[in-house]
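# A closer look at the structure
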Amino acid sequence: MEHIIEMKGISKIYKTGDEDTVALQDIDLTVTRGEFLAIMGPSGSGKSTLMHIMGLLDGPTVGQYFLEGRDVSRLNDSSLARLRNQKIGFVFQQFNLLPRTTVLGNVLLPTIYGRLKNSRSRALQVIEEVGLSDRVNHTSNQLSGGQMQRVAIARALVMNPAIILADEPTGNLDSKRSLEIIDIFRKINSRGSTVIIITHEEHIARNANRTIRLLDGKIISNTERIA
Ligand code: ADP
Ligand code: MG
């Protein structure tokens, strides 16, 4: 099975004033293409830092990161941005939509940078997949939280990325809305995309094939779900 993500000896040290923060310590992690992985751990344990490195938003201080077999640990910013646009879709707790822009406009954003052909029909397709075809021309500040997160998922999907990374995607949603969001991630994963989500909630993590737990920047457990 192909290792879509392989991290070897990754550490991340933030220099803040006179004190260093060791956010990640000697992380070894492989993710197989098609996995649904949950990342858990208390606040400050390094979850978001790990996801930022996986998603090429930041580089490690030490160690190597292979994405689809390619060493990306030391790429420059423009190479990282291009690869990120092609390979990774992000979903955040706070949705991070443009508030006065329509659903369609928000979903089209990655395609402008990525110069996707037939971007409008692709955007309408992913908007339909998340069940928002009747809201295409609403601005995102006219939507409920659950709808906003579905727009964010459509935006993450529009470039057809190999990996979807979601940082506490249900953290601002009630339980019914959370389940709807998780169902969408399951559907995305069942079609072959690798899905990695950070969550605090056991019942969310239970949807994944595997859960890793972080504490103080280290992986303290790595558990496959028995089907
Ligand atoms: P989590 O997502 O698990 O809450 P983070 O990855 O955000 O944890 O943070 C891990 C540690 O790194 C924390 O101690 C946090 O304060 C620190 N940290 C995170 N981002 C930065 C940053 N940009 N600059 C300095 N310290 C940071
Ligand atoms: Mg975090």
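Anything mentioned here points back to the structure above.
Residues numbered from 1 in each chain as written. Chains lettered and ligands numbered in written order. Predicted model: local features only at pLDDT ≥ 70, side-chain atom pairs only at ≥ 80, totals over all residues. Heavy atoms only, no water.

What follows concerns the overall build of the chain. Tallying secondary structure elements over the chain gives seven helices and 10 strands in all. For the chain, the spread of C-alpha atoms along the three principal axes comes to 50 × 40 × 40 Å. A separation of at least 24 residues holds for 70% of the contacts in the chain among residues at least 6 apart in sequence. As displayed, the chain has an accessible area near 11100 Å², and 48% of this comes from carbon and sulfur atoms. Charged side chains in the chain number 28 positive and 24 negative. The centres of these two groups are separated by 8 Å. (Helix = DSSP H or I, 4+ residues; strand = E, 2+ residues; numbered from the N terminus. Contact = heavy atoms within 4.5 Å. Areas by Shrake-Rupley, 256 points an atom, 1.4 Å probe, with all protein chains shown as cover. Lys, Arg positive; Asp, Glu negative; His and termini not counted. Charge placed at Lys NZ, Arg CZ, Asp CG, Glu CD.)

With that settled, the discussion passes to the environment of F185. Its place among the elements puts F185 in helix α6 (residues 175–190). The class of F185 is buried, set by a relative accessible area of 0%. Distance from F185 to F36, taken between C-alpha atoms, is 8.8 Å for residues 149 residues apart in sequence. If sequence neighbours within four positions are ignored, F185 has contacts with F36, V91, I153, I164, A166, P169 and V195. (Buried < 20%, exposed > 50% of the residue type's maximum accessible area, 1.4 Å probe, protein only.)

Of note in this structure, D26 is not a glycine but carries a positive phi near 55°. As for its placement among the helices and strands, D26 is situated in strand β2 (residues 19–32). On the accessibility criterion, D26 (53% relative accessible area) is exposed.

Our focus in this paragraph is the sheet that holds strand β5 (residues 70–71). Strands sit in the order β2-β1-β4-β5 across an open sheet of four strands; the sheet is antiparallel. Of all strands in the sheet, those bounded by a partner on one side alone are β2 and β5. By the bridge criterion, two bridges tie strand β4 (residues 62–67) to β5 in an arrangement that is antiparallel. Across the sheet, residue F66 finds its bridge partner in β5, namely D71. On top of the sheet, helix α1 (residues 47–54) reaches β1 (3–16), β2 and β4; it is set at about 125° to β1, its chief contact. (Pairing = 2+ DSSP bridges. Axes fitted to C-alpha atoms, helices over the stretch in contact; angles between N-to-C directions.)

Moving on to the nonpolar core. Nonpolar side chains tend toward joint burial in soluble globular proteins. Within the largest apolar cluster, 38 residues are counted, with the highest numbers of intra-cluster contacts made by V107, I127, I153, F185 and I188. Put simply, the parts of the chain that give this core at least two residues each are β3 (36–40), α3 (103–114), α4 (119–129), α5 (145–157), β7 (163–167), α6, β8 (194–198) and α7 (202–205). The dominant element in this core, judged by the number of residues it contributes, is α5, at six residues. Within the second largest apolar cluster, 29 residues are counted, among which are I4, L24, L80 and I163. (Core = buried A, V, L, I, M, F, W, Y, C linked by side-chain atoms within 4.5 Å.)

On to the sheet that holds β8, then. If you walk across this open sheet you meet the six strands as β6-β7-β8-β3-β9-β10, and the pairing is mixed. The open sheet is flanked by β6 (88–92) and β10 (218–224), the only strands paired with a single partner. The mean inter-strand angle of the sheet, taken between neighbouring strand axes irrespective of direction, is 15°. Pairing of β7 with β8, which is carried by five bridges, proceeds in the parallel orientation. Residue pairing in the sheet places A166 in a bridge with I197 of β8.

Here we come to a nonpolar patch on the surface. Among the surface-exposed residues, L98, L109 and I112 lie close enough to one another that they form a single nonpolar patch of about 260 Å² accessible area. Along the chain, the position of I112 falls in helix α3. We classify I112 as exposed; its relative accessible area is 59%. (Patch = residues over 30% accessible without salt bridge, like charges linked within 9 Å, V, L, I, M, F, W, Y side chains within 5 Å. Salt bridge = Lys/Arg side-chain N within 4 Å of Asp/Glu carboxyl O.)

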